[in-house]
Amino acid sequence: MMYIEENDISYRRLTDVAPQDILDHMTDPKAAEHMPLLKTIWNLSTVRHFVAAKEARWTDDGIGHVGIYHKGKYIGWGGFQKEGSDWDFGMVLKTETRGIGPRICKTALKAAHAAGISAVTFLLPHSRKSTGALKRLGAEELKPVEYDGAQFRKFRVKTD
């Protein structure tokens, strides 16, 4: 796996994450507050389809999405996906652990660099007001984008 583990943060392919962990996470109303694309009613069948779709990115792109663990406990998922000519990194963490996001982003940028990806984009819904962590990573704000009917702020970070 290309993700770089760091001390208490580790990664597992989504196929190795307990489906119930993903289901509990994706049905948490607090998680939905910042996920304008979350339009599906989630059940274990939805989880299986989600995992299969994200796993296909590994086959097609050589890198993809993973389950994210902190001190051995599942805290969310995230990963890379090719969006046109951009490599986008998305991450959905459980509400109580979102403060660890900057550390995860740093390890993701290292993994992208190791994979030969020179820049990564991040899409933030407008409900996410704070961009300080992205700015500290050197993010440049680009033009807003619409994706599947939702508006996002778009940022680019160089991996070197």
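Here, every reference points to the structure presented above.
This write-up is about the structure you can find in this document. (Residues numbered from 1 in each chain as written. Predicted model: local features only at pLDDT ≥ 70, side-chain atom pairs only at ≥ 80, totals over all residues. Heavy atoms only, no water.)

Here strand 2 (residues 65-70) lies mainly inside the structure; 5 of its 6 residues are buried. Pairing analysis gives 6 bridges linking strand 2 to strand 3 (residues 73-83), with the strands arranged antiparallel. By the bridge assignment for strand 3, His65 is matched with Gly79. (Buried < 20%, exposed > 50% of the residue type's maximum accessible area, 1.4 Å probe, protein only. Helix = DSSP H or I, 4+ residues; strand = E, 2+ residues; numbered from the N terminus. Pairing = 2+ DSSP bridges.)

Enumeration over the complete set of coordinates arrives at 5 aromatic pairs. Taken together, a centroid distance of 5.3 Å and an interplanar angle of 65° make the contact between Trp42 and Phe50 edge-to-face. Overall, Trp42 belongs to the buried group, its relative accessible area being 13%. Ring geometry for Tyr69 and Tyr74: centres 5.9 Å apart, planes at 75°, overall edge-to-face. Accessibility assignment for this pair places Tyr69 and Tyr74 in one class, buried. Three or more aromatic residues joined by ring pairs make a cluster, and in this case those are Trp42, Phe50 and Trp77. When the ring centre of Tyr69 is taken as origin, the NZ or CZ atom of Arg12, which lies over that ring, is 3.8 Å away. (Phe/Tyr/Trp six-rings, centres within 6.5 Å; stacked < 30°, edge-to-face > 60°. Lys NZ or Arg CZ within 6 Å of the ring centre and 35° of its normal.)

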